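Given next are the chains, with one letter for each unit.
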Amino acid sequence: MSGLLSVFLHLLLFQLVAPVTFRHSRYDDLVRTLYKVHNECPYITRVYSIGRSVKGRHLYVLEFSDYPGIHEPLEPEVKYVGNMHGNEVLGRELLLQLSEFLCEEFRNGNQRIVRLVEGTRIHILPSMNPDGYEVAAAQGPDISGYLVGRNNANGVDLNRNFPDLNTYIYYNEKYGGPNHHLPLPDNWKSQKIPPDVLRPFSPGVLRCHPCSVKVEPETRAVIQWIRSFNFILSANLHGGAVVANYPYDKSLEHRVRGFRRTANTPTPDDKLFQKLAKVYSYAHGWMHQGWNCGDYFPDGITNGASWYSLSKGMQDFNYLHTNCFEITLELSCDKFPRQEELQREWLGNREALIQFLEQVHQGIKGMVLDENNNNLPKAVISVSGINHDVTSGHHGDYFRLLLPGTYTVTATAPGFDPETVSVTVGPGEPKLVDFHLKRSIIPPITPTKRVPSAGPGSRVLPKKVQPRAAK
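Computed from a prediction, not measured in an experiment: that's the story for all the values here.

*Asks:* Could you give an account of the pairing of strand β14 (residues 325-332), with specific residues and numbers?
*Replies:* Counting buried positions over the eight residues of β14 gives eight, a clear majority of the element. Pairing between strand β7 (residues 231-238) and β14: six bridges, direction parallel. Among the inter-strand pairings, L233 is bridged to a residue of β14, identified as F325.

*Asks:* Tell me about the packing of aromatic side chains, and please be specific about residues and values.
*Replies:* One pass over the structure, following the stated rule, counts 18 aromatic pairs. With a centroid separation of 5.6 Å and 85 degrees between ring planes, the pair formed by Y170 and Y248 is classed as edge-to-face. Taken together, the positions of Y170 in helix α6 (residues 166-175) and Y248 in the loop between β8 (241-246) and β9 (255-256) put the pair 78 residues apart, joining distant regions of the chain. Y248 carries the same exposure label as Y170, and that label is buried.

*Asks:* Would you mind going over the state of the cysteines in detail, with residue names and values included?
*Replies:* Under the definition given, this model contains two disulfides. The side chain of C293 participates in a disulfide bridge whose partner is C333; the two sulfur atoms lie 2.0 Å from each other. Here the disulfide of C293 and C333 is left-handed, its torsion about the S-S bond being about -85 degrees. A residue pair is termed long-range when its members are at least 10 positions apart, and C293 in the loop between β11 (291-292) and β12 (295-296) and C333 in the loop between β14 and α11 (342-358) qualify at 40 residues. Taking the relative accessible area as the measure of exposure, C293 reaches 33% and is therefore partly exposed.

*Asks:* Describe the sheet that holds strand β16 (residues 380-383), with residues and values.
*Replies:* Taken together, four strands build an open sheet; the order of strands is β17-β16-β19-β20 and the sheet is antiparallel. Both outer strands of the open sheet, β17 (386-391) and β20 (419-425), are each paired with one neighbouring strand and no more. Ignoring which end each strand starts from, the neighbouring axes of this sheet average 25 degrees apart. Sheet topology note: the β16/β17 ladder contains three bridges and is antiparallel. From the neighbouring strand, I381 faces β17, where its bridge partner is V390.

Conventions and cut-offs
- Residues numbered from 1 in each chain as written.
- Predicted model: local features only at pLDDT ≥ 70, side-chain atom pairs only at ≥ 80, totals over all residues.
- Heavy atoms only, no water.
- Buried < 20%, exposed > 50% of the residue type's maximum accessible area, 1.4 Å probe, protein only.
- Helix = DSSP H or I, 4+ residues; strand = E, 2+ residues; numbered from the N terminus.
- Pairing = 2+ DSSP bridges.
- Phe/Tyr/Trp six-rings, centres within 6.5 Å; stacked < 30°, edge-to-face > 60°.
- Disulfide = S-S within 2.5 Å.
- Axes fitted to C-alpha atoms, helices over the stretch in contact; angles between N-to-C directions.

Structure (C-alpha cells):
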C-alpha cells in the first residue's frame, strides 16, 4: 500500500475534527496543552507529575481512563514516552496531538475511541527530557550540531542510564536463574558509565570519559513510575530513522576487543515483539516500505541489537524488570522536523498510535485468587515454551500478551499449590483465565532426639524465600 493511499484510508477511519494548529511546543506550551485537554475532558483525564528534571521542570503525564487515578481490575495499563532525547522532537508533538485527538473523539462519541478509553488505562508522557528539548528548540530545525540537546542538563544520555539487567539475564539463561522481574543491582543509583554514554550537553562542556555517575533524576523518576504501575505495553518515541525497534537492544556479546558487536539477540517473546512492531509499521503511512532515511529494514522493523548494540537502555529494562513489553519507535529522518512537516507526520502516525494501544487487548488475562476469593498479588504466571514469566498485580489481576495458539499456563504463589491449565488464544479479545490456588498442605516435621550437628550427614533446613518488593 502506498504511503498516500494509506494516509487517505486512515482519514476515512475517523470523523474530521476541528482544524488543528501544528507547531512545536516549548515547555510552557506543553503544560498548557495537557491542562487544556484535561479541562475539556475532565471526567476521563488526569494530569500528574512523576518527578522533575535536573532543572526542575515537571515530567507531566496525561492519563486517559473512565476512572482516572484508579486501577480497575482486569483493565490493562499502557504508556507512551516521548522526547527521551531532547533533540528528537516529533514524538513529543505526536503525543500532544494524540491527547487532543482522544479527548475530542471521545466527546464526539467515536465508538472505537470510547471503547479504548473505557477498557484501557492510557498514560502519556510527552517529554522525558524537557531540559534537553529547550536547548534543541533554541537552535530550531537548523541545528548545526547533530547532538545539541540530546542529553539532559547533566550531559547524560538518558537511554544509556538505566541499570544494566541484560548481563544478568544472559547469565541466567546459560546457568539458571530468574527469567523475569530481575532485581535492581545494589549499586544501581551510582553506576560506571562507558565513554560513549556521556556526550557534551552544549559546545564547550567537557565530561569525564569514563566516570562513575548517578542515575539521573529523569531516569529515576521513570524507574519509580514503572515500578508503581503494572504497565503491560509501552512504546518509546524517538527520531533519526523510520523503523519499529524491538528487544533486545543489547547484544549477547556487547563488545569484542573494544568493538561493538551487532547480532540478532531475540527475547523469549521474539515473535510477539515482531508482531507488535509490524502492527505499528504497517499502520504507519510509510514505515512498512522499508526504505527510509537511506536505510532498509524489511517490513520497517528490526531487532535492536541487530541494528546496533545498546547498553543500559529503557526498552530492555522494561522487559527485564517489570511486566511491560516495550518497543522503540523511530519516527522521522529529521530529529527536529520543520513545523510545516508536522501535519503530514501526524496523519502518517495517527492510525498506528491507536492500533498499537489496542494491542494490549490480546493473549490472556484473569484473576489469581485463593480458596476464599482473596486476591493473590505477585503470583507468577508461566507459559510453557516461553522462558519469560509475568506476575499478578496488587489487585491479583494479571495480563499475558500472547499470539494466537494453544498454551499450557501455570500460576504459582508461595505457600500455594500451583495450578496448570491449557488455553487456546484467538486473534481477538484476550481470553479470560482465572486461577484459584489452594494452600499447600505442609507435612509436620517429626522432632528428633539427636543433638543437631553441623557435621556430615546433618540435616540442613532450606532458607526462607523472601518475597520480592512490590512492582
